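Listed here are the chains, written in short residue letters.
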Amino acid sequence: MDIFTRNKFLLRIIFVLIFLNLFSIGYLWWQKNEGPEDRQPRKGKDNPKQILREKLHLTREQETAIVQLRADYAGKEEAINQVIKSERDSMNQMMFHTDADTASLKRIARRVAENEFLVELYRIEQAQHLKEICTPDRKSVV
């Protein structure tokens, strides 16, 4: 092969590779823009009331009580989770100081564990209140 034939061959390979790259990028862009509209929305995913109504066959009063109960416990749990997050952040900052006090780190770790335990107790308490709201035939479903 002389130099001109080899250069033509390399030029053709480069154009084919550029075309393949542009085609791939275009196809990926098209997939990204076309994908979400074609999907079916998940049934009941947006509305927990609808799930409760369909699955548990609750009365309106029971449904309202359960939604209120869930909102109350979600607020309590979120408040505790914020405390846990702030304590973990302070513990992480203290751990990487050169003069970190191990005893104070252990105290913070103990408070984090106690707060996580408190969150679990809230969940148990919420489940007990859910059982009180539900009728006897619905308790087995919950």
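For the structure, see preceding data.
Residues numbered from 1 in each chain as written. Predicted model: local features only at pLDDT ≥ 70, side-chain atom pairs only at ≥ 80, totals over all residues. Heavy atoms only, no water.

## Some thoughts on helix H3 (residues 60–95)
Helix length check: H3 (36 residues) gives 52 Å between terminal C-alpha atoms against 52 Å at 1.5 Å per residue, within 8%. Listing the buried residues of H3 in full gives Gln62, Glu63, Ile66, Leu69, Tyr73, Glu77, Ile80, Ile84, Glu87 and Met91. (Helix = DSSP H or I, 4+ residues; strand = E, 2+ residues; numbered from the N terminus. Expected span 1.5 Å × (residues − 1). Buried < 20%, exposed > 50% of the residue type's maximum accessible area, 1.4 Å probe, protein only.)

## Some thoughts on the packing of aromatic side chains
A full pass over the atoms with the stated rule returns 2 aromatic pairs. Ring centres of Tyr27 and Trp30 lie 6.0 Å apart, and the angle between their planes is 40 degrees; on these two criteria the pair is classed as tilted. Taken as a pair, Tyr27 and Trp30 lie in helix H1 (residues 3–38) at a separation of 3 residues, close to a single helical turn. Of the residues examined, Tyr27 reaches a relative accessible area of 43% and is grouped as partly exposed. Judged by its relative accessible area of 45%, Trp30 falls in the partly exposed class. Aromatic side chains Tyr73 and Tyr122 sit 6.4 Å apart centroid to centroid with 65 degrees between the ring planes, which places their arrangement in the edge-to-face category. Taken as a pair, Tyr73 in helix H3 and Tyr122 in helix H4 (residues 102–133) lie far apart in primary sequence, 49 residues in all. Here Lys76 stacks its cationic end above the ring of Tyr73, 4.7 Å away from the centre of that ring. (Phe/Tyr/Trp six-rings, centres within 6.5 Å; stacked < 30°, edge-to-face > 60°. Lys NZ or Arg CZ within 6 Å of the ring centre and 35° of its normal.)

## What to know about the pattern of salt bridges
Counting across every chain of the model gives 5 salt bridges. The partner of Glu116 in a salt bridge is Arg88, with the nearest N and O atoms 2.1 Å apart. Taken together, the residues Glu116 in helix H4 and Arg88 in helix H3 connect sequence positions 28 residues apart. What makes Glu116 partly exposed here is its relative accessible area of 33%. Arg88 sits in the partly exposed class, given a relative accessible area of 37%. If you follow the salt bridges from partner to partner, you end up with Glu77, Glu120 and Arg123 in one network. (Salt bridge = Lys/Arg side-chain N within 4 Å of Asp/Glu carboxyl O.)

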